[in-house]
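# Inside the fold
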Amino acid sequence: MYLFSIVGYVLVLKEKFPISKVLVVVVAVCLAVSLFFNGYFYYQLTKPAEHQIPTFFSFVFNRIPVVQTITNETLYVNMTFEKIGENLSVIVRINDDNFDNPRDGPHLPDYLLIVFDFDGDCEADLGSGYWLTSNNRTMNPGSFGWELKKGVTIAAEIPTRPSVLHTCTFKAGEGYVFNCTFPIAGKATVHAYSIKSDVVAIGFQDVDGYVYIPPFHFGVDVN
Amino acid sequence: MRKVAFAVLVVCLVVSLFFNGYLYYQLTSKHSPTFFSFVFDSTMQKLVNGTLYLNLTFEVVEGNLTVKAEVNAESYNRYAALALQFDSDNNGTIDIRYWEEIDFGYFGPGDDLAFFLRPNNETRPATIEYWYWYPDGRIYTCSIFKGFYERPSQYHYCTYENGVYTFHFTHRRTHENPNLAIQGKLVRVLYGIVPFNGGALKGMSVYIPPFKFME
C-alpha cells in the first residue's frame, strides 16, 4: 500500500518537476556550496597569520674548535619551555659525549647556566643566574661569579647544596637531560627568585669547553 | 534555454571545484610564521645605548622562504648589515669552512647559502673576494672600490622607520639546482655595523649561533 503511494508520489513529482529542472537546481546548490568554500579558503589563505613563538628551541654548534670542543660531533642544545601550574618547566637536552664527575679530577662538574628576567625589565639579568650541575647540585643565585660569554668562575671553594630546582640525567649516546622547574608569578622561594618575563639565556660547560645562547624570548606567558 | 543554463552552471561548478582544490592545497602547505626575538642589553653590545632587539619572523609562502628581521637603531647607518646563512642543502648543519692553522673562515663553491644585506638594498656575493664569515660569528669584508663590490640585491629590501630597520628577505625553497635553494631549517644570523673593508668593531655586532627556525 505504502509502496504504491510512494511510487505514485514520485510519478507526480516527476511530472511536476522534470529531471532537467531538478538537475539544474542540484548543480546550482552544489555551485553555491563550492563558491562558499572558495571564499572560506581564500579568506583563510589571505588573512594575516598570527606570529607563533615556538616553545621548542634547538641551537646547533659545529665541531670547530672556535665554536665548541664539548663533543667530537655537532652539539645540539634543545630546549622546551612549558608553564605547569605556577611553575615553569624547562627541559634542556645536550648531546654531550661524556659525563665529567668532579671527583675524577680538579674541575667543576658539567653544568647548565640559566638566566631569567628576575626584575621585570624584559632582559636576562646577567648579574644573577642559576648554576645547575650534572650531579644535581646548585648554589644560590648571585653567590658565584660568571659571564654569559665565558661561564662560571669560582675563585674560592663555595659550598654547594643539593638542588631542588632540577634533576640531571646522563645517558651514553644521548647526553644530558636537565629537567628544571622554576617558580613564576611572584612565587619566589628561598631557593629561587620568581621569573618576571619570558626572557632566558643559557650556557653549558663541560670539562672540554663552553657554549652559550644569547638571551631570547621563549614565548610562555609567565604572568 | 534550460540546457544552456545547466551547461553554464556545470562549467562554473567545475571551475569552482578546481579552485577549491588549489586553495585547499595552498592552505594545507602553508606554515604559520615562526617568530624569534633576541634581546641584547647594553652590556652585550654597543650598537644602541639601551637594549637591542633583533626580531626574526620566518614564513614559507608559495614555495619561498621569507625572513623579516626587525632591529632597533638610533640612527640610519649606511654600514649597517644583516647577514644570514642557511642549511641550504638540508644536511642538518650549516657547513662552515675554517682553516684552523691560520684562523681563517671562508666560503667555497657549493657551500651553504649566505647573504650579506645592507639597509640601502645592496648586497655582495658570498665568496672569499667579497666577505667571509668565521664560525664564531665574526664577519670581515674585503673591498677596494665600493661600487664594484656592493650591488643591488635581488633577495631583499630594507626600510628604516621610527628607529627600526626592517629587512625583508625572500628566497626559493626548491630549485632544479639544489645549490640554489634554501631547503633546510637552520639559520645563523649577524647584525652589526660592518665597514666596506674590515670587520665590526668590538661590541658593534651581535651574533646568533645556528638555530632551527621551523619545526
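Structure report, in brief. (Residues numbered from 1 in each chain as written. Chains lettered and ligands numbered in written order. Predicted model: local features only at pLDDT ≥ 70, side-chain atom pairs only at ≥ 80, totals over all residues. Heavy atoms only, no water.)

### A short note on the side chain of Thr 133 of chain A
Residues and elements named next belong to chain A. Its place among the elements puts Thr 133 in strand β5 (residues 130–133). Polar side-chain contacts of Thr 133 include one of 2.4 Å to the side chain of Asn 135. Contact partners of Thr 133, with chain neighbours within four places excluded, come to Pro 109, Asp 110, Tyr 111, His 166, Cys 168 and Phe 178. (Helix = DSSP H or I, 4+ residues; strand = E, 2+ residues; numbered from the N terminus. Polar contact = N/O pair within 3.5 Å; in protein donor to acceptor, adjacent residues only side chain to side chain. Contact = heavy atoms within 4.5 Å.)

### Here we look at the pairing of strand β4 (residues 80–86) of chain B
Residues and elements named next belong to chain B. β4 sits mainly inside the fold: seven of its seven residues count as buried. Both β4 and strand β7 (residues 114–117) contribute to a ladder of four bridges, which runs antiparallel. What sits directly across from Leu 84, in β7, is Phe 115. (Buried < 20%, exposed > 50% of the residue type's maximum accessible area, 1.4 Å probe, protein only. Pairing = 2+ DSSP bridges.)

### Observations regarding the nonpolar core
Core analysis: the largest hydrophobic core is formed by 97 residues, its most contacted members being Phe 116 of chain A together with Tyr 191 and Phe 211 of chain B. Once residues lying within four places of it in the same chain are set aside, the contact partners of Phe 116 of chain A are Leu 88, Val 90, Glu 123, Ala 124, Asp 125, Tyr 130, Phe 182, Ile 195, Val 199, Val 200 and Phe 218 of chain A. Counting 13 residues, the second-largest nonpolar core is a separate cluster that includes Ala 83, Phe 116, Tyr 130 and Trp 131 of chain B. (Core = buried A, V, L, I, M, F, W, Y, C linked by side-chain atoms within 4.5 Å.)

### Brief notes about empty space enclosed by the protein
All names here are of chain B. Under the definition given, this model contains one cavity of 30 Å³ or more. Of the voids in this model, the largest cavity is the one considered here, and its volume is about 30 Å³. If you go around the largest cavity, the residues you meet are Gln 85, Asp 95, Ile 96, Arg 97, Tyr 106, Phe 107, Asp 111, Trp 133 and Arg 188. The residue inventory of the lining of the largest cavity, partitioned by class, reads four nonpolar, one polar and four charged. (1 Å grid on protein atoms, 1.4 Å probe; cavity = no way out; pocket = protein on both sides within 12 Å on 5 of 7 lines; lining within 4 Å. Points joined across faces, edges and corners; volume = space filled by probe spheres on them. Nonpolar A, V, L, I, M, F, W, Y, C, P; charged D, E, K, R; others polar.)

### A short note on the interface of chain A and chain B
Each side of the interface is counted separately: chain A has 49 residues, and chain B has 46 residues. Summed over both partners, the interface of chain A with chain B comes to about 4000 Å²; 68% of that surface belongs to carbon and sulfur atoms. One can count zero salt bridges joining chain A with chain B. At the boundary of chain A with chain B, the tally comes to eleven residue pairs in polar contact (both at pLDDT 80 or more). Of all elements in the fold, only α2 (19–46), β1 (56–61) and β13 (209–217) of chain A reach the threshold of two or more residues within the side of chain A that touches chain B. At 16 residues, the largest contribution of residues to the side of chain A that touches chain B is made by α2 of chain A. (Buried area = accessible area lost by both parts, 1.4 Å probe. Salt bridge = Lys/Arg side-chain N within 4 Å of Asp/Glu carboxyl O.)

### Some thoughts on unusual backbone geometry
The backbone phi angle of Cys 122 of chain A is positive, close to 60°, even though this residue is not glycine. Here Cys 122 of chain A lies in the loop between β4 (111–116) and β5. Take Cys 122 of chain A: its relative accessible area is 32%, and that puts it in the partly exposed class. Of note, the phi angle at Asn 121 of chain B is positive, near 70°, even though the residue is not glycine.

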